[in-house]
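In case you want the letters, here they are:
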Amino acid sequence: MTSKNTSTRLLLALWDLGGTQQEVKKGQLTKRIVAKSQKVADYQGIFEELQKQGAIAISKKGYSLTSGKGLEVLGEGLKSGDFKFEETTVSTWVANALVKWISQIDVAVVGADVPVNGKGALAELSIRVASRREGIASYDEFKSVALEVYDKLNQNYNLDDLVPIYRIRREIGDRVSREDFNTWLLEIQEKDILQLQGGSIEDSAPDKIEDSITTKVSGLRCYAKRLNF
């Protein structure tokens, strides 16, 4: 595959593994993308380029996909007319990840020879993407979305009612600007709906701290706790 196609497949794998919500261990990601005839070192340049673009964050333990730039680069890669698979057999995880991506967007699939259970020849898949996820334009809309995301994360990850703010931010993604996210989340706190708490991020990753909230009065706030049920 070309370097651009490999980058897109790498981002797709990272997204499918939940990279916008949590750090994905290095071995978990490379197990998916590195073929038997390849070495992890073959991907070093691609990892570095994606990091330089701001699409991914790299730590000693793993990788994470930035909710803004990372999703943008992934979406552009998937809808590119040059994106295609050159293998005669497509991995099941790729097919499943594409189905998952398609289920969240409006698409038109052009000229695709779609395999069953990830097997068979996939000559070319061209995806024209138009996101259904429109921007959030008001506090009330943000509050509804943020609480929905809070409940989803709290339930799915058994977070004991303390949901990391960076996960909420990344789940909402580029539907809202960073400034509006900060302002409206603090407003939710002022109305005693959520309580923003301090503490430490599990691995002290700089990107996760950056995606939390820092106020002049209270300092760093890393977690949100719902007060009214």
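What you are looking at is a predicted structure, and each value in this text was computed from that prediction instead of being measured.

Colleague: Hey, could you run me through the overall build of the protein in this one?
Modeller: The number of helices and strands found in the protein is nine helices and ten strands. Relative to its 229 residues, the protein shows a buried fraction of 44%. Of the accessible surface of the protein, which amounts to about 12,200 Å², a share of 48% is contributed by carbon and sulfur atoms.

Colleague: For this particular structure, what's the right way to read the sheet that holds strand β2 (residues 56-58)?
Modeller: Strands pair in a sheet through their backbones, by hydrogen bonds, and they do so in one of two ways: parallel or antiparallel. Taken together, three strands build an open sheet; the order of strands is β1-β3-β2 and the sheet is antiparallel. In this open sheet, the two edge strands, each paired with only one partner strand, are β1 (24-25) and β2. Bridge analysis of β1 against strand β3 (residues 62-65) gives two bridges, and the strand direction is antiparallel. Across the sheet, residue Lys25 finds its bridge partner in β3, namely Gly62. Packed on one face of the sheet, helix α1 (residues 3-16) meets β1, β2 and β3 and runs near 90° to β3. Each of β2 and β3 touches helix α3 (residues 44-53); the most contacted strand, β2, lies at about 115° to it.

Colleague: I tried to follow the sheet that holds strand β10 (residues 223-226) on my own but got confused; where do I start?
Modeller: Pairing in this open sheet of three strands is antiparallel, and the strands run β6-β10-β7 from one edge to the other. With one partner strand each, in any of the chains shown, β6 (163-164) and β7 (194-197) form the two edges of the open sheet. Alignment of β6 against β10, held across two bridges, turns out to be antiparallel. Paired with Pro164 across the bridge in β10 is Tyr223. Along the sheet, helix α6 (residues 139-156) makes contact with β6, β7 and β10, crossing β10 at roughly 95°.

Colleague: Quick question: what am I supposed to make of the pattern of salt bridges here?
Modeller: If charged atoms from side chains of opposite charge come close, those side chains can pair. Inspection of the entire model under this criterion finds seven salt bridges. Two residues, Arg32 and Asp16, come together in a salt bridge whose shortest N-O distance is 2.6 Å. Here Asp16 lies in helix α1 and Arg32 lies in helix α2 (residues 26-33), a separation of 16 residues in the sequence. Because the salt bridges share partners, they merge into one network encompassing Arg170, Arg178, Asp207 and Asp211.

Colleague: What exactly am I supposed to notice about the pairing of β3 here?
Modeller: Here is the key point about a regular strand: its side chains alternate between the two faces of the sheet. Along β3, one buried face is formed by Gly62 and Ser64 and the opposite face, lined by Tyr63 and Leu65, is buried too. Relative to β3, β2 runs antiparallel, the two sharing three bridges. Within β3, the position partnered with Ala57 by the bridge is Ser64.

Colleague: What is the right way to look at the environment of Arg9 in this model?
Modeller: With respect to the helices and strands, Arg9 occurs in helix α1. Relative accessible area serves as the criterion here: at 11%, Arg9 is assigned to the buried category. A sequence separation of 88 residues divides Arg9 from Ala97, and the C-alpha atoms of the two residues are 9.9 Å apart.

Colleague: Could you clarify how one ought to interpret the packing of α1 against α2 in this entry?
Modeller: Pairs of packed helices are described in terms of their axes, by the angle between the two and the distance that separates them. Running from N to C, α1 and α2 cross one another at 130°; their axes reach a closest spacing of 10 Å. Viewed along their axes, α1 and α2 adopt a mutual orientation that is oblique. For the pair α1 and α2, the sense of crossing is right-handed. Along the contact surface, α1 presents Arg9, Leu10, Ala13, Leu14 and Asp16, while α2 presents Leu29, Arg32 and Ile33. The class makeup of the residues in the contact of α1 with α2 is five nonpolar, no polar and three charged.

What counts, and at which threshold
Residues numbered from 1 in each chain as written. Predicted model: local features only at pLDDT ≥ 70, side-chain atom pairs only at ≥ 80, totals over all residues. Heavy atoms only, no water. Helix = DSSP H or I, 4+ residues; strand = E, 2+ residues; numbered from the N terminus. Buried < 20%, exposed > 50% of the residue type's maximum accessible area, 1.4 Å probe, protein only. Areas by Shrake-Rupley, 256 points an atom, 1.4 Å probe, with all protein chains shown as cover. Pairing = 2+ DSSP bridges. Contact = heavy atoms within 4.5 Å. Axes fitted to C-alpha atoms, helices over the stretch in contact; angles between N-to-C directions. Salt bridge = Lys/Arg side-chain N within 4 Å of Asp/Glu carboxyl O. Parallel < 35°, antiparallel > 145°, perpendicular 65-115°, else oblique. Left-handed = near helix turned anticlockwise from the far one by under 90°. Nonpolar A, V, L, I, M, F, W, Y, C, P; charged D, E, K, R; others polar.

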